Amino acid sequence: MKSKRATFAGVFIAALVLVTMRVTSKPVRAADAPVTYARQIAPILYKNCTTCHHPGGAGPFSLMTYADARRWGQQMLQVTQIRYMPPWLPEPGYGDFADNRRLLDSDLKLIQLWVTTGMAQGDSADAPAPPGYGERWGETWQLGTPDLVLKVAKPFTLASSGTDVFRNFVLPYPLKQTHYVRAMEILPGTPQVVHHANLLIDRTASFRRSHPNDWQEGVAGMELEVDAGPAFDPDSHFLFWKPDTPVLTESAGMPWRLDPGNDLILNMHLKPSGKPESMQAEIGLYFTDKPPEKQPMLLQLEDDEALDIPAGAHGFVVQDEMKLPVDVEVLAVYPHAHYLGKDLQGYAILPSGQKKWLIWIRNWDIDRQSVYRYRTPVLLPKGTVLHMRYTYDNSGDNIHNPNEPPIRVKAGNRSVDEMGHLWLQVLPVNQRPDAPDPRYLLEQAWMENKLRKDPRDSIALFNLAGAYMGEGEYRQAIAAYQKEVAVDANDPRALTALGVAYERAGDSQQAVDAYEKAITNNAEQIDARFDLGRLELNQDDGLHAEQQFRAILAQQPEDAGAHSGLGLALLKEQHPDAAQTEFQRALQLNPLDATALDGSAQLAIASGEPAHAVDLLETAVKQDGKDAEMREHLAMAYAQVGRVGDAAAQLKAAATLTPDDPTVHALLSQVLTTTGQLNDAILEQQKALHLDGNDPDGWNNLGVLEAKAGKASEAREDFEHALRLAPDHAQARANLARLQASAGNH
Amino acid sequence: MNLNGTPVTTLAPEGTRAVVLFFAASDCPISNRYIPEFTRLRQEFAGRGVQFLEVYPNPDDTAARVQQHAAQFRDEASVVLDTEQSLVRMARVTVTPEAAVFLRDENNLREVYHGRIDDRYLAVGSERPHALHHDLEAAISSALESRPVPQPGGPAVGCAIVTRQP
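Note that the coordinates shown come from a computational prediction; the quantities given were computed from them, not determined experimentally.

1. Some remarks on the overall build of chain B
The number of helices and strands found in chain B is five helices and nine strands. When the helices and strands of chain B are listed from N to C terminus, the series reads β-α-α-β-α-β-α-β-β-β-β-β-α-β. Against the compact-globule benchmark of 15 Å for 166 residues, chain B has a radius of gyration of 15 Å, which places it among compact chains. By its C-alpha atoms, chain B is 40 × 40 × 30 Å across when sized along the principal axes. When each of the 166 residues of chain B is scored for burial, the buried share is 43%.

2. Section: the overall build of chain A
On a plain count of helices and strands, chain A comes out with 24 helices and 22 strands. On the principal axes, the C-alpha backbone points of chain A span a range of 115 × 85 × 50 Å. Out of the 746 residues in chain A, the part that is buried amounts to 43%. Residue pairs at least 24 apart in sequence account for 68% of intrachain contacts in chain A once pairs closer than 6 positions are excluded.

3. Here we look at the sheet that holds strand β5 (residues 194-202) of chain A
Residue and element names in this part refer to chain A. Taken in spatial order, the five strands make up an open sheet running β6-β3-β10-β5-β7, and their pairing is antiparallel. Pairing within the sheet leaves two strands with one partner each, and these edge strands are β6 (219-220) and β7 (240-241). Across eight bridges, the pairing between strand β3 (residues 165-172) and strand β10 (residues 263-270) is antiparallel. Across the sheet, V170 pairs through a bridge with I265, a residue of β10.

4. So, the interface of chain A and chain B
The interface of chain A with chain B comprises 21 residues on the first partner and 23 residues on the second. With four residues, helix α4 (residues 73-81) of chain A is the largest single contributor of residues to the side of chain A that touches chain B. Among the residues making up the side of chain A that touches chain B, the classes are represented as nine nonpolar, nine polar and three charged.

5. Examining helix α20 (residues 662-674) of chain A
Residues and elements named next belong to chain A. The end-to-end C-alpha distance of α20, which contains 13 residues, comes to 19 Å, matching closely the 18 Å that a straight helix rising 1.5 Å per residue would cover. In terms of burial, α20 is a largely internal element, ten of the 13 residues being buried. V664, H665, A666, L667, L668, S669, Q670, V671, L672 and T673 are the residues of α20 that are buried. As for α20, its buried residues are in contact with α18 (628-640), α19 (644-657), α21 (678-691) and α22 (696-708).

6. Comments concerning unusual backbone geometry
Residue and element names in this part refer to chain A. Here M85 and P86 are connected by a cis peptide whose omega angle stands at -10°. The linkage connecting E404 with the following residue, P405, adopts the cis geometry, with an omega of -5°. Structurally, P405 can be placed in the loop between β20 (385-392) and β21 (409-410). Phi is positive for D99, close to 55°, though the residue is something other than glycine. Here D99 shows up in the loop between α4 and α5 (105-116). By the C-beta count within 10 Å, which is 12 here, D99 ends up exposed. Here D540, not a glycine, exhibits a phi torsion of approximately 60°, which is positive. Within the element layout of this structure, D540 appears in the loop between α12 (526-538) and α13 (542-555). The exposed category is assigned to D540, around which 8 C-beta atoms lie within 10 Å.

7. Examining the sheet that holds strand β1 (residues 18-23) of chain B
All names here are of chain B. Pairing is mixed in the open sheet, where five strands are placed in the order β3-β2-β1-β5-β6. Two strands close off the open sheet at either side, each with one partner strand: β3 (78-81) and β6 (108-115). Across the sheet, the mean angle from the axis of one strand to that of its neighbour is 30°, orientation sign disregarded. Across six bridges, β1 lies against strand β2 (residues 50-56) in parallel orientation. Looking at the pairing, A18 lines up with V50 of β2. Where helix α5 (residues 135-144) meets the sheet, its contacts fall on β1, β2, β5 (98-105) and β6, and the angle it forms with β5 comes to roughly 5°.

8. Here's the deal with the domain arrangement of chain A
When the parts of a complex come together, some accessible area is lost, and that lost area is often used as the size of the interface. Each assigned domain of chain A is listed here: domain 1 (33-126), domain 2 (148-288) and domain 3 (310-433). For domain 1 of chain A versus domain 2 of chain A, the distance between C-alpha centres works out to 32 Å.

9. Details of α4 of chain A
Residue and element names in this part refer to chain A. Those residues of α4 that fall on the buried side of the exposure criterion are G73, M76 and T80. Seen along its axis, α4 keeps its buried residues to an arc of 55°; they face one direction. As for α4, its buried residues are in contact with α3 (66-71) and α5. Trailing α4 by a residue or two, R83 shows a phi angle of about 55°, which is positive.

10. Quick word on the nonpolar core
Residue and element names in this part refer to chain A. Membership of the largest hydrophobic core comes to 110 residues, with the highest contact counts inside it found for L266, A465, Y481, L498 and A501. Counting residues per element, this core draws most heavily on helix α8 (residues 458-471), which supplies eight residues. Residues within four places of L266 in sequence aside, it is in contact with V152, N168, F169, L171, A197, L199, A281 and I283. Within the second largest apolar cluster, 63 residues are counted, among which are I552, A628, A637 and V671.

11. Thoughts on the environment of R65 of chain B
All names here are of chain B. Structurally, R65 can be placed in helix α3 (residues 63-72). Among the residues examined, R65 registers 15 C-beta atoms within 10 Å and is labelled partly exposed. In this structure, the C-alpha to C-alpha distance between R65 and D27, residues 38 residues apart in sequence, is 10.0 Å.

12. Let's talk about the packing of helix α10 (residues 492-504) of chain A against α12 of chain A
All names here are of chain A. It is at 9 Å that the axes of α10 and α12 come closest, and there the two elements cross at 20°. Judged by the inter-axis angle, α10 sits roughly parallel to α12. Note on packing geometry: the crossing formed by α10 with α12 is left-handed. Across from P492, R493, L495, T496, G499, V500 and E503 in α10, the residues of α12 making contact are D527, A528, D531 and L535. Looking at the contact of α10 with α12, its residues break down into five nonpolar, two polar and four charged.

13. Thoughts on the packing of α22 of chain A against helix α23 (residues 712-725) of chain A
Residue and element names in this part refer to chain A. At a closest axis distance of 8 Å, the pairing of α22 and α23 adopts a crossing angle of 165°. On the basis of the axis angle, α22 is roughly antiparallel to α23. In terms of crossing hand, the pair formed by α22 and α23 is left-handed. The residues of α23 that touch α22, namely those facing P696, W699, N700, L702, G703, E706 and A707, are A712, E714, A715, D718, F719, H721, A722 and L725.

14. Considerations on the pairing of β1 of chain B
All names here are of chain B. Taken across its six residues, β1 has six buried, putting it largely inside the fold. A two-sided burial pattern is seen for β1, the buried positions comprising A18, V20 and F22 on one face and V19, L21 and F23 on the other. In terms of strand pairing, β1 meets β5 through six bridges, oriented antiparallel. Following the sheet pairing, A18 is matched in β5 by L103.

The rules behind these values
- Residues numbered from 1 in each chain as written.
- Chains lettered and ligands numbered in written order.
- Predicted model: local features only at pLDDT ≥ 70, side-chain atom pairs only at ≥ 80, totals over all residues.
- Helix = DSSP H or I, 4+ residues; strand = E, 2+ residues; numbered from the N terminus.
- Rg over C-alpha atoms; globule rule 2.2 N^0.38 Å.
- Buried ≥ 20, exposed ≤ 12 C-beta atoms within 10 Å, placed from the backbone.
- Contact = placed C-beta atoms within 7 Å.
- Pairing = 2+ DSSP bridges.
- Nonpolar A, V, L, I, M, F, W, Y, C, P; charged D, E, K, R; others polar.
- Expected span 1.5 Å × (residues − 1).
- Axes fitted to C-alpha atoms, helices over the stretch in contact; angles between N-to-C directions.
- Domains from an automatic or database assignment.
- Arc of directions from axis to C-beta.
- Core = buried A, V, L, I, M, F, W, Y, C linked by C-beta atoms within 7 Å.
- Parallel < 35°, antiparallel > 145°, perpendicular 65-115°, else oblique.
- Left-handed = near helix turned anticlockwise from the far one by under 90°.

So, in structure tokens, the structure goes:
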């Protein structure tokens, strides 16, 4: 015991000595080495300030030289002490973000010491080399020549004075092919007046169509809604640009997609400078050949309905919460409010009850808003509840209040309206490989949350139904679409989607009714005509299908899908030459049109050119490896040219995709027979019959295989099975007779 | 001196009732944002015997630089380069933008106001969407009407004037 205590005492004394040494060393250093620009200040400025504050940069003045730093020393002291600069809103310790721009307390102290002790230059040999921003920074592309440059159609002139301007510029995507974007850069034209910009993808060009006369000049407004179209294709990326990060590079495996017909919308926050500014922004896009390997998704918490703030209210709170149906990693967060937002909190309550902060901004300022990306993704397990809690100040004390005197304020798109959104970019993780796309479950949770707040929210009903469709819950999808049709007065698009849901649920007649009602309600409802045409093709009604596709082409002559649909209809009506013309036209418009590739391949096989069919179908399978039917067709083409091994591989892949499809197993059985793998062939044929036992041909084929394998009694039962189902089955009868004769011989 | 290099001998020529000095810096963003407001005031009080002068006190604001700046901002105000910073001392201003109002008594100028132009900025980084109180405008009006001149309701916000090295 004694010795132990002595040891502790010894350690204690040693520690004391260290502390004393540290304390005494300080004044010596300060006296010997005053804070100088060269040694301490230049490194701080180069690290934290000059990305904006350099000649031509977004900052209003340069801080690249000693003379600059001296000129702005008093200002630097003032704005760093109050943490106005560098712009960084999140509270430290509430979310660990990459690109954290908060100055260290020690840096603040150094700036203060330097300014108050006379701003000494020091020995310039001590200063680090200044970072290079290039002569024409802000006018040239940082990542080199982009693969595609889009430019706003007409220059916009920002007035010299007045309140801030929020404007939306439309940039149509001009290419005829889909591209994946790995990086984006914006040259705003006049970086010093651009606070920030958000880039939105308008999949259906809806914003441009709703502003036919003024989209080229740009349209005023802080936020906008765009029509996402009928397919499930949730927004997945924050395309947020601010002056100090002119290049937005996506993480590996997570590019974003642009399709023909898409528009990009540049939503800009502009601040008058005192002189009129003419600007014409350009966007540079850098492509990658690789489609995304990971599919993130944006989720939104909000309660715009509850956002109704009485005039003068000090601490008005808006909250929302949502339970996660799957494990996710949160990659980034974007809190958003207008001028009345004060205290913005986002956090998660884990299933364990533990509270995990996502972000806290105590003193919101729209001028300094940003997307914040986590240094490491934040894992939130299934069952976690996401929370948003925003507090608003609609009193005269809030100097940002745009209304004087304060008035009642509701949610809206103008700067005098308010907003309260917490956006999260999440990546579903820990999924079983065969589970359906987890984004459907996230969409379902999100939309159910919206409907809890407003049961008649037609967009939420439509999206909820879409999520059910993705999950394969067709009956629930039908119920949701029916509600939407009831709320939204027979919206033709909901009717079209309802038709698809009926079709998937196996109710063709109801599907036809829904499509026809959609077309009656809106003759330009191309999607309904397309789906009806497709359904009629499935019902072998080529004549009616042809009418649908021709009606679409009368409105949109360049619709590749309508040309290939018409081709299939003509094929059904035994007009192969006319069909070929349509397939070729479709492939001119879209070289990857799957229907046209498939149809042309059918024609190639029919005209004795199976090798050409192989080429066409390989292109189609390469484009979409998840289309089992296409793989079947490719397998058949391989079989025609004698590549039975390849054929078997395609069918095995197809069987993995659609394990419940008896046809695939039956075809695989046939191919395995030709390659002599008799036992495997029997196994596949048995699987096919297990899935669909009402197939006399199938039983007959199984009998043949088993007879070959020497299993006479099994074969006999199979032929008899076929004959029970189809007493007139000639082959089965002949095979049975042959089997009995052969048995008699032995 | 003015932009031609001619020394300015009198701020208040014959017939002037008041002089308004607007201290500006070509590289100060807040100062620049106030140029349209200064222009507005000049036009509002035109013909009422008020001499408006834009004063550039910082050493880096040379005649050439201020001329280029005026062209960019389409600024037609009369400009004085305060090369000795005598006007800074006379007006007792410390930042740009900041203004001073003088009334002419016989051959003397008497300062009745110096400080902020309006209350759009409460501090650097603390900005209203638009001003609620136009302090300078109220001061000029009162001065011309011989009423007591209201004083600024808050500090002038902007960029510190750079002291000339002696």
